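Structural overview
Here is how the chains run, residue by residue.
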Amino acid sequence: QVRVVESGGGLVQPGGSLRLSCVASGSIFSPHQMGWYRQAFGKRRELVATIFSDGTINYADSVKDRFTICRHNGKNTVYLQMNSLKPEDTAAYYCYAFSSGTGYWGQGALVTVSG
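The paragraphs below set out a description of the structure included in this document. (Residues numbered from 1 in each chain as written. Predicted model: local features only at pLDDT ≥ 70, side-chain atom pairs only at ≥ 80, totals over all residues. Heavy atoms only, no water.)

Here the focus is the layout of surface pockets. Computed from the structure, the largest pocket encloses a volume of approximately 170 Å³. Around the largest pocket, the lining residues are Arg-38, Gln-39, Ala-40, Lys-43, Arg-44, Glu-46, Ser-62, Glu-88, Asp-89, Thr-90 and Ala-91. Grouping the constituent residues of the lining of the largest pocket by class yields two nonpolar, three polar and six charged. (1 Å grid on protein atoms, 1.4 Å probe; cavity = no way out; pocket = protein on both sides within 12 Å on 5 of 7 lines; lining within 4 Å. Points joined across faces, edges and corners; volume = space filled by probe spheres on them. Nonpolar A, V, L, I, M, F, W, Y, C, P; charged D, E, K, R; others polar.)

On to the environment of Asp-89, then. With respect to the helices and strands, Asp-89 occurs in the loop between β8 (77-82) and β9 (91-99). Look at Asp-89 and you get buried, because its relative accessible area is 1%. In this structure, the C-alpha to C-alpha distance between Asp-89 and Pro-14, residues 75 residues apart in sequence, is 9.5 Å. Non-local contacts of Asp-89, meaning those with residues more than four positions away in its chain, are made with Arg-38, Arg-66, Phe-67, Ser-84, Val-111 and Val-113. In terms of polar contacts, Asp-89 uses its side chain to reach the side chain of Arg-38, at 2.9 Å. (Helix = DSSP H or I, 4+ residues; strand = E, 2+ residues; numbered from the N terminus. Buried < 20%, exposed > 50% of the residue type's maximum accessible area, 1.4 Å probe, protein only. Contact = heavy atoms within 4.5 Å. Polar contact = N/O pair within 3.5 Å; in protein donor to acceptor, adjacent residues only side chain to side chain.)

The sheet built from four strands is open, its strands ordered β1-β3-β8-β7 with antiparallel pairing. Here the strands that pair on one side only, and so sit at the sheet edges, are β1 (2-7) and β7 (67-72). When strand polarity is set aside, the average angle formed by the axes of neighbouring strands in this sheet is 15°. Across six bridges, the pairing between β7 and β8 is antiparallel. (Pairing = 2+ DSSP bridges. Axes fitted to C-alpha atoms, helices over the stretch in contact; angles between N-to-C directions.)

Okay, the state of the cysteines next. For the structure shown, the criterion picks out one disulfide. Across a sulfur-sulfur distance of 1.9 Å, Cys-22 and Cys-95 are joined as a disulfide pair. Classification of the bridge connecting Cys-22 and Cys-95 rests on its S-S torsion, roughly -80°, and on that basis the disulfide is left-handed. Of this pair, Cys-22 sits in strand β3 (residues 18-26) while Cys-95 sits in strand β9, placing them 73 residues apart in sequence. Across the pair, Cys-95 and Cys-22 agree in class, each one buried. Cys-70 forms no disulfide, and the closest cysteine sulfur to it belongs to Cys-22, at a distance of 12 Å. For Cys-70, a relative accessible area of 36% translates into the label partly exposed. (Disulfide = S-S within 2.5 Å.)

What follows is the structure in structure tokens.
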């Protein structure tokens, strides 16, 4: 059984910062890919950032130069540092881990940018 658990969401004012963390545990070994998607109310889920085991990183254009993804391979942990947050960043943020042909998802962490 595999568990993916996010933490670090919350309420922040525009221009502020938050850091999301995600841990994949259980019967999963060194995920090939980990990352973050988000889904705003009434909208489709969209890719935010992804990082591969070789260090390759991709960002959505909307978050480039504001968000940073990094990963601790030995602990199956991925982080998303979010700076200069905007109201349009408000969404549920979902972590995923992809390993051995299977994707695993967390329950989501709510990020609200308002003030």
